[in-house]
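# Fold and geometry: a report
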Amino acid sequence: MRTRVAAVLTVLTLFAGSAAATAAPPVDQVPPPPVVPGGELDYVALGDSYTAGPLVPIPTPGPLGCVRSSSNYPAFLAAYLQVRTFTDVSCSAARTEHLFVSQPGILPQGLPENQNAPQLLAVTEDTDLVTLGIGGNDFGLFGELIETCADLAAEDPQADAPCRDHFTTDGVDTKLRDAAAIQANVEEALVAIGERAPEATVVVVGYLHILPEEGTCAAVPFAPGDYAWGTEVQKALNTSLQRAAQAHGAVYVDMYAASVGRDACAAQPWVNGAKIRPDAFSYHPFRSGMKGIADTVFAQLTGQPPGFFALPLLQLVKRLPDLVDVDALLTYVASGGSVPPQVLEDAQAQQPGGEAAAAPPSVLADVMSVLAGLETAPPTAPAG
């Protein structure tokens with residue numbers, strides 16, 4: 001039994017590893033006290049694909065249409081903080097409205113495991129910590145920009161900023177307009193979170209650097225002038241998130257500033273470029289980016305960097321009893337730690353004589369096969 005558990009953990013360890021807009025003045029209130037790791041924290045993560053982490057190994061079970069990773073930043077943060085409970089309801093393609101209403105996932109309509117309940121249902125008066133990373137899908141802000149910019153650059157290689165020109169109507173830059181309008185949507189979400197969990201610390205997480213401040217690269221096939229314009233749009237979005245957070249007493253984590261030099265064109269990027277990879281969706285964070293977000297959020301909440309012994313896998317090892325139900329272990333790992341710690345103990349206690357039963361050989365073989373396939377990262381995989 002211990003040999004097989006060690007094998008699982010060994011495989012897992014292989015991959016464990018323009019001018020800025022002026023911010024609004026902060027509201028006049030006492031800042032929240034520092035979050036203490038190891039406390040009795042009930043943590044809920046809300047957000048879109050930049051929170052969910054599509055294609056970042058390994059996906060969690062259901063809803064499959066959300067393509068939620070067990071190595072996204074909420075999973076890292078939950079392990080760092082050693083929370084009591086962890087509920088991640090983030091979902092790829094989510095807009096702020098999907099905090100209030102159910103959302104179909106990205107799988108074809110009619111397939112099972114493709115519906116995500118209104119995310120706010122996960123927030124209750126017992127919730128102590130909420131992270132919110134959302135807004136980029138509102139008004140089709142990022143999706144339209146990413147698809148259109150590459151197409152227009154290919155159609156006219158001599159054009160300087162065809163994407164900016166395309167989204168400018170009657171002298172109005174519609175993308176900058178929409179990025180500013182997202183502030184109201186996020187403020188509405190923060191009001192609702194405050195009503196459901198009035199004592200919770202609420203954290204609004206900004207978006208990572210996607211485009212470089214200077215230069216171009218093959219990973220992002222935009223026209224030269226659209227790099228600076230796309231950066232301006234992203235800064236406007238992050239400013240909306242920051243202003244919304246400040247207006248409602250939430251903590252804002254500036255991941256744009258924290259990820260300078262880690263854009264999609266960087267040598268060691270936190271964000272993928274246009275090409276979909278086995279370990280990241282196009283223009284979405286790698287696992288290294290997810291860890292970078294968690295590190296930054298943790299440092300801002302606690303005033304200290306995450307220690308070596310706060311790594312998710314080491315937290316898992318510390319929670320293992322002497323005899324382990326392998327089924328429960330694999331469920332725990334696949335869910336990124338969202339299964340409460342007592343699940344392992346309960347599973348063990350239910351076995352006759354207190355001995356845990358091994359997983360069926362076929363199940364363990366299937367899981368080991370999937371994990372073994374992730375053992376060797378692609379040659380161009382980012383460090384971290």
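Read on for a plain summary of the structure.

Rules and cut-offs
Residues numbered from 1 in each chain as written. Predicted model: local features only at pLDDT ≥ 70, side-chain atom pairs only at ≥ 80, totals over all residues. Heavy atoms only, no water. Patch = residues over 30% accessible without salt bridge, like charges linked within 9 Å, V, L, I, M, F, W, Y side chains within 5 Å. Areas by Shrake-Rupley, 256 points an atom, 1.4 Å probe, with all protein chains shown as cover. Salt bridge = Lys/Arg side-chain N within 4 Å of Asp/Glu carboxyl O. Helix = DSSP H or I, 4+ residues; strand = E, 2+ residues; numbered from the N terminus. Expected span 1.5 Å × (residues − 1). Buried < 20%, exposed > 50% of the residue type's maximum accessible area, 1.4 Å probe, protein only. Contact = heavy atoms within 4.5 Å. Polar contact = N/O pair within 3.5 Å; in protein donor to acceptor, adjacent residues only side chain to side chain. Pairing = 2+ DSSP bridges. Axes fitted to C-alpha atoms, helices over the stretch in contact; angles between N-to-C directions. 1 Å grid on protein atoms, 1.4 Å probe; cavity = no way out; pocket = protein on both sides within 12 Å on 5 of 7 lines; lining within 4 Å. Points joined across faces, edges and corners; volume = space filled by probe spheres on them. Parallel < 35°, antiparallel > 145°, perpendicular 65-115°, else oblique. Left-handed = near helix turned anticlockwise from the far one by under 90°. Nonpolar A, V, L, I, M, F, W, Y, C, P; charged D, E, K, R; others polar.

### A few points about a nonpolar patch on the surface
Taken together, the side chains of Leu55, Ile276 and Phe281 present a nonpolar region at the surface, about 240 Å² in accessible area. Position of isoleucine 276 relative to the elements: it lies in the loop between α8 (255–258) and α9 (287–302).

### Side note on helix α4 (residues 141–155)
Think of an α-helix as turning once every 3.6 residues; residues three or four places apart then point the same way. Taking 1.5 Å per residue, 15 residues should reach 21 Å; α4 reaches 22 Å between its end C-alpha atoms and fits that length. For α4, the full list of buried residues reads Leu141, Phe142, Leu145, Thr148, Cys149, Ala150, Leu152 and Ala153. Looking at the buried side of α4, the elements it contacts are α5 (162–166), α6 (174–196) and α7 (224–247).

### Quick word on the side chain of threonine 174
With respect to the secondary-structure elements, threonine 174 resides in helix α6. By relative accessible area, which is 13% here, threonine 174 ends up buried.

### Quick notes on the side chain of lysine 175
Looking at the secondary structure, you find lysine 175 in helix α6. Side-chain polar atoms of lysine 175 contact the backbone oxygen of leucine 141, separated by 3.2 Å.

### Remarks on the pairing of strand β8 (residues 201–205)
Here β8 lies mainly inside the structure; 5 of its 5 residues are buried. Side-chain alternation along β8 places Thr201, Val203 and Val205 on one buried face and Val202 and Val204 on a second face that is also buried. Two strands pair when backbone bridges link them, and β8 and strand β9 (residues 251–253) are joined in this way by 3 bridges, in the parallel orientation. Residue pairing for β9: valine 203 is matched across the bridge by valine 251.

### Notes on unusual backbone geometry
Following proline 57, the chain continues to isoleucine 58 via a peptide bond in cis, the omega torsion being -5°. The residue isoleucine 58 is located in the loop between α2 (49–52) and α3 (73–81) in this model. With phi around 60°, phenylalanine 139 is a residue other than glycine that occupies positive phi space. Position of phenylalanine 139 among the secondary structure elements: in the loop between β5 (129–133) and α4.

### Considerations on the sheet that holds β8
As summarised here, the arrangement of the 5 strands in space is β2-β1-β5-β8-β9, forming an open sheet in which the pairing is parallel. Of all the strands in the sheet, the pair left with one neighbour each is β2 (85–88) and β9. Going across the sheet, the axis of each strand differs from the next one's by a mean of 15°, ignoring polarity. Relative to β8, β5 is paired through 4 bridges, and the arrangement is parallel. Bridge assignment links threonine 131 to a residue of β8, and that residue is valine 203. Contacts between α6 and the sheet are confined to β1 (42–47), β5 and β8, with β5 contributing the most and set at about 165° to the helix.

### Thoughts on empty space enclosed by the protein
Estimated volume of the largest cavity: approximately 80 Å³. Lining of the largest cavity is provided by Phe142, Leu145, Ile146, Ile210, Leu211, Phe222, Gly230, Gln234 and Tyr283. Listed by contribution, the elements that provide at least two residues to the lining of the largest cavity are α4 and α7. With 3 residues, α4 is the single largest residue contributor to the lining of the largest cavity.

### Description of the environment of leucine 107
Residue position: leucine 107 is located in the loop between β3 (103–104) and β4 (115–116). Taking the C-alpha atoms as reference points, leucine 107 and proline 63, 44 residues apart in sequence, are found 10.0 Å from one another.

### Considerations on α3
The buried count for α3 comes to 9 of 9 residues, which makes it a mostly enclosed element. Every buried residue of α3 is accounted for by Tyr73, Pro74, Ala75, Phe76, Leu77, Ala78, Ala79, Tyr80 and Leu81.

### Here we look at the packing of α3 against α9
As a packed pair, α3 and α9 sit with axes 8 Å apart at the nearest point and diverge in direction by 45°. For the element pair α3 / α9, the angle class is oblique. As α3 packs across α9, the resulting crossing turns out to be right-handed. For the pair α3 and α9, the contacting residues are Tyr73, Phe76, Leu77, Tyr80 and Leu81 in the first and Arg287, Met290, Lys291, Ile293, Ala294, Asp295, Val297, Phe298 and Thr302 in the second. Considering only residue class, the contact of α3 with α9 consists of 10 nonpolar, 1 polar and 3 charged.

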